[in-house]
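# Examination of the molecular architecture
The chain contents come next:
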There are 2 protein chains.
Amino acid sequence: MAGPEIEHLVQLLARLPGLGQRSARRAALTLLKRREQLLAPLAAAMTDAAAKVKTCSVCGNYDSVDPCAICADQRRDPSLICVVEDVASLWAMERSGLFKGRYHVLGGVLSALDGIGPDDLFIDRLVARASAEEVAEVILAMAATVDGQTTAHYLVDRLANCHVAVSGLAQGVPVGGELDYLDDGTIGAALRARRPIA
Amino acid sequence: MAGPEIEHLVQLLARLPGLGQRSARRAALTLLKRREQLLAPLAAAMTDAAAKVKTCSVCGNYDSVDPCAICADQRRDPSLICVVEDVASLWAMERSGLFKGRYHVLGGVLSALDGIGPDDLFIDRLVARASAEEVAEVILAMAATVDGQTTAHYLVDRLANCHVAVSGLAQGVPVGGELDYLDDGTIGAALRARRPIA
């Protein structure tokens, strides 16, 4: 169909999440149509990222410096560690702009189905960090899924001897959520965790 | 949120068709997670494509050689030229594997709304090619849209003095199409172009 360079580009683009064969072809055509404005800068940005971006040796975040900008930021509270499943969750927390402590990226959640056990996650490293003098609280921000909550329970056990408070994100009605569209589990959780209104 | 290299990568990825901010972030995270297997090869493939892929000076196709592999292929019938709107249409025709002539990429269709006139398309070049001795037929494979068909009518006028047969793609029921789901225009076109069944 097209030359080998173009075919190779399409095949690699098709491996990105959210892009199938057809949308990878559309993306490749857009890139080839806008060679100066898009293809060359994107190629440079990828080469740059491949060369510079590292995984933070403290928390597991991606950044061009190690330790990452968050771990190195002296204004962030070192007594608070928020445990997240992956870097996508870390970015989501940062977008909320409300957490001023530091992070720990687990690298996944425990999953019997996918064969992911404690040794596949950065749990030992978390326990070591939580044992440090300065850490007072560990917030478990796993997804509200079966695997996420299983992982959270496992972490509570593992952190038992670290002398830190362990907390989890509240469950309840999401902002903008209409009761009619919420599942029974969410309504039940919101009801059990109901709060007195002043 | 993330370092400037990652932010820049996300912004460029978000300019691809089919990717918004959120999916561009997902794509960037996938690339960073699989740096050796995906990010580095994709960066190399893009650099390669940016350096090597050219627009064919004869037909307007993208390839690493000029004239492109299709124009240079001696087994393809030089008496047939299929006129397509863009390279995506050319690729679609090639996937069908049924056309054995050569192509001419117009670079778009006439559109009063978008301010695209005859001078913005490669029409003069098409007329010049169609005037060559060896060309016997020009097949207009524009989209069955108002702009596509307007362009086809305009091309019929422009090709009138070239001594070539001018044809268009048949309109009718698509393969697998159920009448109940087809629009009135398609059913009407299929009815008008009905064929005797032997």
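Definitions and cut-offs
- Residues numbered from 1 in each chain as written.
- Chains lettered and ligands numbered in written order.
- Predicted model: local features only at pLDDT ≥ 70, side-chain atom pairs only at ≥ 80, totals over all residues.
- Heavy atoms only, no water.
- Helix = DSSP H or I, 4+ residues; strand = E, 2+ residues; numbered from the N terminus.
- Rg over C-alpha atoms; globule rule 2.2 N^0.38 Å.
- Buried < 20%, exposed > 50% of the residue type's maximum accessible area, 1.4 Å probe, protein only.
- Contact = heavy atoms within 4.5 Å.
- Core = buried A, V, L, I, M, F, W, Y, C linked by side-chain atoms within 4.5 Å.
- Buried area = accessible area lost by both parts, 1.4 Å probe.
- Salt bridge = Lys/Arg side-chain N within 4 Å of Asp/Glu carboxyl O.
- Polar contact = N/O pair within 3.5 Å; in protein donor to acceptor, adjacent residues only side chain to side chain.
- Nonpolar A, V, L, I, M, F, W, Y, C, P; charged D, E, K, R; others polar.
- Least-squares fit on C-alpha atoms with pLDDT ≥ 70 in both.
- Domains from an automatic or database assignment.
- UniProt positions renumbered as here; feature names shortened; annotations may be inferred.
- Expected span 1.5 Å × (residues − 1).
- Arc of directions from axis to C-beta.
- Axes fitted to C-alpha atoms, helices over the stretch in contact; angles between N-to-C directions.
- Parallel < 35°, antiparallel > 145°, perpendicular 65-115°, else oblique.
- Left-handed = near helix turned anticlockwise from the far one by under 90°.

### Some remarks on the overall build of chain A
- From N to C terminus, chain A includes eight helices and six strands.
- Taken over the C-alpha trace, chain A has a radius of gyration of 21 Å; the compact-globule value for 198 residues is 16 Å, which it surpasses by more than 25%.
- Dimensions of chain A, computed from C-alpha atoms along their principal axes, come out at roughly 65 × 45 × 40 Å.
- Burial statistics for chain A: of 198 residues in total, 43% are counted as buried.
- Taking the intrachain contacts of chain A between residues at least 6 apart in sequence as the baseline, contacts between residues at least 24 apart amount to 46%.

### A closer look at the nonpolar core
- By size, the foremost hydrophobic cluster in this structure holds 81 residues, and its most contacted members are Leu13, Leu42 and Met46 of chain A together with Leu13, Leu42 and Met46 of chain B.
- Leaving out residues up to four positions away in the same chain, Leu42 of chain A has contacts with Leu31 of chain A together with Leu9, Leu12, Leu13, Leu16 and Met46 of chain B.

### Here's the deal with the interface of chain A and chain B
- Listed per partner, the contact involves 48 residues of chain A and 48 residues of chain B.
- Summing both partners gives a buried area of about 4,800 Å² for chain A against chain B, and 71% of it is carried by carbon and sulfur.
- Where chain A packs against chain B, one counts zero salt bridges.
- Linking chain A with chain B are six residue pairs in polar contact (both at pLDDT 80 or more), by the criterion used here.
- Put simply, the parts of the chain that give the side of chain A that touches chain B at least two residues each are α1 (4-13), α2 (21-33), α3 (35-52), β1 (54-55), β2 (62-63) and α5 (87-96) of chain A.
- Looking at which element gives the most residues to the side of chain A that touches chain B, the answer is α3 of chain A, with 14 residues.
- Looking at side-chain class alone, the side of chain A that touches chain B contains 27 nonpolar, seven polar and 14 charged residues.

### Overview of the relation of the copies chain A and chain B
- Rotating chain A by 180 degrees about the axis while translating it 0.0 Å along that axis superimposes it on chain B, leaving an RMSD of 0.0 Å. Expressed as an axis order, the relation between the two copies is that of a two-fold axis. Residue Ala43 of chain A, judged by its C-alpha, is the member of chain A lying nearest the rotation axis, at 2.5 Å.
- Taken together, the interface assignments show that 100% of the residues at the interface of chain A recur at the interface of chain B, consistent with an identical surface on both copies.

### Quick look at the pattern of salt bridges
All names here are of chain A.
- In total, this model carries eight salt bridges over all chains according to the counting rule given.
- One salt bridge connects Asp48 with Lys52, and the closest N-O pair in it is separated by 3.1 Å. Here Lys52 and Asp48 lie together in helix α3, a separation of four residues that amounts to about one turn.
- For Asp48, a relative accessible area of 28% gives the class partly exposed.

### Overview of the domain arrangement of chain A
- Examined at the domain level, chain A breaks down into domain 1 (4-52) and domain 2 (75-168).
- Computed over C-alpha atoms only, the centres of domain 1 of chain A and domain 2 of chain A are separated by 35 Å.

### Considering the UniProt feature "zinc finger region: C4-type" (unreviewed entry) in chain A
- Mapped onto this structure's residue numbering, the UniProt feature "zinc finger region: C4-type" (unreviewed entry) falls at residues 56-71 of chain A.
- Annotation note: span residues 56-71 of chain A, helix share 19%, strand share 12%, distance between end C-alpha atoms 8 Å.

### Remarks on helix α7 (residues 146-158) of chain A
Residue and element names in this part refer to chain A.
- With 13 residues, α7 extends 18 Å from end C-alpha to end C-alpha; this agrees with the ideal 18 Å at 1.5 Å per step.
- Looking only at α7, the buried set comprises Gly148, Thr151, Ala152 and Leu155. The buried residues of α7 all sit within an arc of 105 degrees when viewed along its axis, so they share a single face. When the buried face of α7 is taken as reference, the exposed residues oriented beyond 90 degrees from it are Val146, His153 and Asp157.

### Side note on the UniProt feature "domain: Toprim" (unreviewed entry) in chain A
- The UniProt entry lists residues 79-174 of chain A under the feature "domain: Toprim" (unreviewed entry), expressed in the numbering used here.
- From the first C-alpha to the last, residues 79-174 of chain A spans 28 Å; its make-up is 32% helix and 18% strand.

### Some words on the packing of helix α6 (residues 123-130) of chain A against α7 of chain A
All names here are of chain A.
- At a minimum axis separation of 11 Å, α6 and α7 run at an interaxial angle of 45 degrees. Comparing their axes, α7 and α6 come out oblique. Judged by the sense of rotation from one axis to the other, the crossing of α6 with α7 is right-handed. Of the residues in α7, those in contact with Ile123, Asp124, Leu126 and Val127 of α6 are Tyr154, Leu155 and Arg158.
- Its residues assigned to classes, the contact of α6 with α7 comprises five nonpolar, no polar and two charged.

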